[in-house]
Amino acid sequence: MRKLVVSIVPLGSLKHSVNMQGLEKWPSKLFTIRHGASVNHLPDAAGNNWEYTKVQLNNIVRHDEQSDITLALINAKLEGNYYIRTLSRNIAVISLYEMADIVLSANLTIENFILRNTYELATIYEADGHSLDNAYTWPHDDIRGCLYDMNANKYDIIFSMHRPSLCGNCRSKIQSMQVRSGFLPAIDAELRLIKKTLYFRINEWIKSHPLYALAIAAASATSINLIASVIFESVKRFIPWIS
Ligand SMILES: [Zn+2]
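These remarks concern the structure in this document. (Residues numbered from 1 in each chain as written. Predicted model: local features only at pLDDT ≥ 70, side-chain atom pairs only at ≥ 80, totals over all residues. Heavy atoms only, no water.)

The next subject is the nonpolar core. Phe31, Phe113 and Tyr148 are the most contacted members of the largest nonpolar core, which totals 53 residues. No other element matches the ten residues that helix H4 (residues 110-127) contributes to this core. With residues near it in sequence (within four places) discarded, Tyr148 still touches Glu120, Thr123, Ile124, Trp138, Pro139, His140, Leu166, Cys170 and Ile174. Judged by nonpolar contacts, the second largest core, of 13 residues, contains Val9, Tyr52, Leu57 and Ile60. (Core = buried A, V, L, I, M, F, W, Y, C linked by side-chain atoms within 4.5 Å. Buried < 20%, exposed > 50% of the residue type's maximum accessible area, 1.4 Å probe, protein only. Helix = DSSP H or I, 4+ residues; strand = E, 2+ residues; numbered from the N terminus. Contact = heavy atoms within 4.5 Å.)

To continue, consider the packing of H4 against helix H6 (residues 183-191). Interhelical geometry of H4 versus H6 gives an angle of 180° and a closest axis separation of 12 Å. As the angle between them shows, H4 and H6 are arranged roughly antiparallel. From H4, Tyr119, Thr123 and Glu126 reach across to H6, where they touch Phe183, Ile187, Glu190 and Leu191. Residues of the contact of H4 with H6, tallied by class, amount to four nonpolar, one polar and two charged. (Axes fitted to C-alpha atoms, helices over the stretch in contact; angles between N-to-C directions. Parallel < 35°, antiparallel > 145°, perpendicular 65-115°, else oblique. Nonpolar A, V, L, I, M, F, W, Y, C, P; charged D, E, K, R; others polar.)

Our next topic: unusual backbone geometry. Within the chain, Trp50 stands out as a residue other than glycine whose phi angle is a positive 60°. When you line up the elements, Trp50 lands in the loop between strand S2 (31-35) and helix H2 (54-60). A positive phi angle, near 50°, is found at Arg163, a position not held by glycine. Along the chain, Arg163 falls in the loop between H4 and helix H5 (168-175).

The coordination sphere of the zinc ion contains the protein donors His140 (NE2), Cys146 (SG), Cys167 (SG) and Cys170 (SG), at a distance range of 2.0 to 2.3 Å. Each of the four donor atoms bound to the zinc ion contributes to angles spanning 105 to 118°, and the resulting shape is tetrahedral. Within one chain, the residues donating to the zinc ion are spaced in sequence as H-x5-C-x20-C-x2-C. Of this pair, Cys146 sits in the loop between H4 and H5 while Cys167 sits in the loop between H4 and H5, and the two are 21 residues apart along the sequence. Using a relative accessible area of 0% as the deciding quantity, one classes Cys146 as buried. (Donors = N, O, S within 2.8 Å, 3.2 Å for Na, K, Ca; no water. Tetrahedral: all angles 85-135°; square planar, octahedral: opposite > 155°, others 65-115°.)

This part covers the pattern of salt bridges. Counted by the stated rule, this structure contains eight salt bridges. For Asp68, the salt bridge identified is with Arg2, shortest N-O distance 3.2 Å. With Asp68 in the loop between H2 and strand S3 (69-74) and Arg2 in the segment before strand S1 (4-11), the pair connects residues that are 66 residues apart, well separated along the chain. Salt-bridge contacts for Glu126 lead to Arg180; the nearest nitrogen and oxygen are separated by 2.8 Å. Taken together, the residues span a long stretch of sequence, with Glu126 in helix H4 and Arg180 in the loop between H5 and H6 at a distance of 54 residues. You can call Glu126 buried: its relative accessible area is 8%. Looking at Arg180, the relative accessible area reads 22%, which means it is partly exposed. (Salt bridge = Lys/Arg side-chain N within 4 Å of Asp/Glu carboxyl O.)

Within this model, the largest pocket holds a volume of roughly 460 Å³. Lining the largest pocket are 20 residues, with Tyr82, Ile84, Arg85, Pro139 and Met150 positioned closest to its centre. Those elements that place two or more of their residues in the lining of the largest pocket are strand S4 (84-86) and H4. Considering only residue class, the lining of the largest pocket consists of ten nonpolar, four polar and six charged. The computed volume of the second largest pocket comes to approximately 160 Å³. Val9, Ala37, Ser38, Val39, Ile60, Val61, Arg62, His63 and Asp64 are the residues that line the second largest pocket. Looking at side-chain class alone, the lining of the second largest pocket contains five nonpolar, two polar and two charged residues. (1 Å grid on protein atoms, 1.4 Å probe; cavity = no way out; pocket = protein on both sides within 12 Å on 5 of 7 lines; lining within 4 Å. Points joined across faces, edges and corners; volume = space filled by probe spheres on them.)

Shown next, in the form of structure tokens:
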């Protein structure tokens with residue numbers, strides 16, 4: 001299966017560090033991420049409320065000819081206060097404005113936010129005739145933990161950031177389009193890899209299962225005590241004076 005190439009183009013200061021090398025190494029059968037050119041200094045926002053308009057961004061971002069999709073990354077308000085917008089058939093922009101704080105406060109990562117949205121765009125591009133022109137027709141208002149949740153309330157993004165999935169309707173839509181064999185199984189497998197770190201998964205499991213956690217802690221303490229006793233008795237045989 002030929003992989004799509006997604007070129008990430010940072011625009012101005014992102015205000016947060018982003019692990020681009022980690023993104024470039026993301027193990028996907030669907031796409032490869034490459035760190036494209038950057039625009040270090042942005043012009044002032046053209047919108048009346050300091051937002052970057054679609055027209056303005058179209059003048060700032062050029063398509064990376066070595067990629068299928070050029071994905072600009074910005075930490076500034078977009079027109080309409082969206083966090084993701086398409087600019088043309090192969091250019092889109094993701095904004096960290098407000099979203100970085102939302103995902104970090106939910107113990108999620110900015111890299112996973114970028115990956116989740118890259119999957120959203122890459123699957124539309126792949127299924128919809130190698131174009132993002134109709135991307136606005138894909139999202140649904142109902143929040144289902146689906147890759148295509150609209151998230152008009154930005155905080156709703158957290159429901160499709162930990163192991164996002166495809167809801168029945170979106171799966172049917174993709175199945176009705178001409179996609180490569182192995183496309184849907186690859187999406188399903190790879191979306192499961194977008195998840196909270198092990199530390200926060202354990203932390204949340206303990207919060208939701210306090211009695212189990214207490215029992216495991218007690219059993220662990222008892223086991224460690226028994227093992228320590230066995231080791232001590234064994235050592236005593238070789239070094240009698242230790243007792
Ligand atoms: Zn859906």
